[in-house]
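The chain contents come next:
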Amino acid sequence: MTRMSGFGETIFAEMTRLADQAGAINLGQGFPDTDGPRSLLEGAARYVREGGNQYPPGQGRAELRAAVAADRAQRYGLAYDPDTEVYVTVGATAGIAASVLALVEPGDEVVLFEPMYDSYSAVIALAQGVRRPVTLRPSADGARYTFDPDELAAAVTPRTRMIIVNTPHNPTGTVFTEEELALIAQLCRENDVIALTDEVYEHLTFDGVAHLPLAALPGMAERTLSVSSAGKTFSVTGWKIGWVMGPEPLVRAVRTVNQFLTYTANGAQQLAVADALRGELDWVRAHRDALQAKRDRLAAGLAAAGFAVGRTQGSYFVMADIRPLGHDDGVAFVRSLVHQAGVAAVPAQVFYADQNEGRHLVRFAFCKRDEVLDEAAARLRAWGRR
């Protein structure tokens, strides 16, 4: 298929495969090496034993939809009807894909921020849409990544159908501020643009930085599809349980497409996640605090090995500059590093439309056990001394 000719094996799959072949520590792909709360795991096993193994309803288990709606209302003051405005998908990636395929016509433009999660570009291509990237760059003080308001405004044209907003952001770790979100919201309202928000790291923000959903801003609830999931929140990335929230007409469009894609899955796990959303948010907060300490642990190790390390406000990742080590090609660097140092990372340039933009950056995941992070840091220090 011509429109997919530029998409091969994802960089995540490649680096995981290379890490396995080399016996390397995999800090490339963003998955934890420990599981979520025990009650969640035991709940899933109980629901399996009790017979929750056949097709759940196409829109997802009512218990999970109600729990998602209640959580969103309690934390953000957003009111969703669980019967018509919450829809369960096979992970957030499927929810994002179905949303784009449902709402983007051939030739429609989609504005999004780069570096960007790689599935966005692929699904825009599948919808035969046109990608309009806006680059995130370090702020004046270097503390975080942000965008140029003028560049964002220039990217919106009469053909713009959708803007994709990922916050907390993968891979930069930035969390968009209320002021930044207000600029996005204003452009959406003035140009009748739909917003699709990827909020899978919504619980995992650090240093007191708070996540604010775009849908909570004035005039945005009626034009925003918000996507989140259980995988990152509860450290069960392999369960692939996500949800799409928004006004009934938009959610209905997503449901119409997705029923012919993944339809539904994981009924027993859906019930367990519903219980966890109601009863395990204290675990999530403790998990967030532990991740903040892991972020600091890995960042210190990378700095000691000679990298210049960015500050992460949320997510699983730190971005590191390889130029102090005498390198400027991230792809070549990580392919060499996995064999020479025994540590796998992901080159940030694959997250850009123009790969010259992020050639000097690589992404490391810190959602690993402390001893794994310490060993990775030791290997990198030893490699750097060669």
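Residues numbered from 1 in each chain as written. Predicted model: local features only at pLDDT ≥ 70, side-chain atom pairs only at ≥ 80, totals over all residues. Heavy atoms only, no water.

Per an unreviewed UniProt entry, the protein chain carries the name Aminotransferase and comes from Thermobifida cellulosilytica TB100. UniProt, in its Sequence similarities (unreviewed entry) section for the protein chain, records the words "Belongs to the class-I pyridoxal-phosphate-dependent aminotransferase family." (UniProt positions renumbered as here; feature names shortened; annotations may be inferred.)

Caption draft 1: Region of interest: the overall build of the protein chain. Each helix and strand counted, the protein chain has 12 helices and 15 strands in total. By the compact-globule yardstick of 21 Å for 386 residues, the protein chain fits well, its C-alpha radius of gyration being 20 Å. Summarising its shape, the C-alpha atoms of the protein chain cover approximately 60 × 55 × 45 Å along the three principal directions. Looking at the 386 residues of the protein chain, the share that counts as buried comes to 55%. Look at the contacts in the protein chain between residues 6 or more apart in sequence, and 75% of them connect residues 24 or more apart. (Helix = DSSP H or I, 4+ residues; strand = E, 2+ residues; numbered from the N terminus. Rg over C-alpha atoms; globule rule 2.2 N^0.38 Å. Buried < 20%, exposed > 50% of the residue type's maximum accessible area, 1.4 Å probe, protein only. Contact = heavy atoms within 4.5 Å.)

Caption draft 2: Seen up close, the packing of aromatic side chains. Scanning all chains against the criterion turns up 12 aromatic pairs. Ring centres of Phe113 and Phe176 lie 5.2 Å apart, and the angle between their planes is 85°; this geometry places the pair in the edge-to-face category. Linking Phe113 in strand S3 (residues 109-114) with Phe176 in the loop between strand S7 (160-166) and helix H7 (178-191), this pair joins segments that are 63 residues apart in sequence. Classification of Phe113 as buried rests on a relative accessible area of 4%. (Phe/Tyr/Trp six-rings, centres within 6.5 Å; stacked < 30°, edge-to-face > 60°.)

Caption draft 3: Local environment of the sheet that holds strand S8 (residues 194-198). Taken in spatial order, the 7 strands of this open sheet run S2-S10-S9-S8-S7-S3-S4, and their pairing is mixed. Since the sheet does not close on itself, it has two edges, and those belong to strand S2 (86-89) and strand S4 (130-135), each with one partner. Pairwise comparison of adjacent strand axes, ignoring direction, gives a mean angle of 20° for this sheet. When S3 meets S7, the two strands line up parallel, connected through 4 bridges. Paired with Val111 across the two strands is Ile163, which belongs to S7. Helix H3 (residues 62-76) contacts S2, strand S9 (224-229) and strand S10 (242-245) of the sheet and is inclined by roughly 120° relative to S2. Sitting on the sheet, helix H8 (residues 248-258) is in contact with S2, S8, S9 and S10, with an inclination near 25° to S2. (Pairing = 2+ DSSP bridges. Axes fitted to C-alpha atoms, helices over the stretch in contact; angles between N-to-C directions.)

Caption draft 4: Main features of helix H2 (residues 38-49). For H2, which comprises 12 residues, the first-to-last C-alpha distance of 17 Å matches the rise-based estimate of 16 Å (1.5 Å per residue) to within 8%. Along H2, the residues classified as buried are Leu40, Gly43, Ala44 and Tyr47. The buried residues of H2 occupy one face: seen down the axis, they fall within an arc of 100°. In this structure, H2 carries Arg38 and Arg49 as exposed residues pointing more than 90 degrees from its buried face. Buried residues along H2 sit against helix H9 (267-279). (Expected span 1.5 Å × (residues − 1). Arc of directions from axis to C-beta.)

Caption draft 5: Here's a closer look at unusual backbone geometry. In the segment running from Thr167 into Pro168, the intervening peptide bond is cis, with an omega of -10°. Assignment of secondary structure puts Pro168 in the loop between S7 and H7. Of note, the bond from Asn170 into Pro171 is cis; its omega dihedral lies within 30 degrees of zero at 20°. Within the fold, Pro171 resides in the loop between S7 and H7.

Caption draft 6: Summary view of the domain arrangement of the protein chain. For the protein chain, the domain assignment lists domain 1 (11-36 + 281-385) and domain 2 (38-279). Averaged C-alpha coordinates put domain 1 and domain 2 at centres separated by 25 Å. If you look at the interface, domain 1 gives 31 residues, while domain 2 gives 40 residues. Across the interface of domain 1 and domain 2, roughly 3,000 Å² is buried in total on both sides, 57% from carbon and sulfur atoms. If you sort the residues of domain 1 by the area they bury against domain 2, Leu281, Gln313 and Phe351 come out on top, with a joint share of 25%. The interface formed by domain 1 and domain 2 holds 3 salt bridges in total. (Domains from an automatic or database assignment. Buried area = accessible area lost by both parts, 1.4 Å probe. Salt bridge = Lys/Arg side-chain N within 4 Å of Asp/Glu carboxyl O.)

Caption draft 7: Representation of the side chain of Thr172 within the structure. Along the chain, Thr172 turns up in the loop between S7 and H7. A polar contact of 2.9 Å, which involves the side chain of Thr172, links it to the side chain of His169. Of the polar contacts made by the side chain of Thr172, one reaches the backbone nitrogen of Thr174; its length is 3.2 Å. Sequence-distant contacts of Thr172, that is, excluding residues within four places in its chain, are made with Pro115, Leu136, Tyr145, Arg311, Thr312 and Met319. (Polar contact = N/O pair within 3.5 Å; in protein donor to acceptor, adjacent residues only side chain to side chain.)

Caption draft 8: Representation of the sheet that holds strand S12 (residues 317-321). With antiparallel pairing, 4 strands are arranged side by side in an open sheet as S11-S12-S15-S14. Only two strands of the sheet have a single partner each, and these edge strands are strand S11 (308-309) and strand S14 (346-347). Where S12 lies against strand S15 (residues 361-365), 5 bridges are found, and the strand directions are antiparallel. Bridge pairing in S15 links Phe317 to Ala365.

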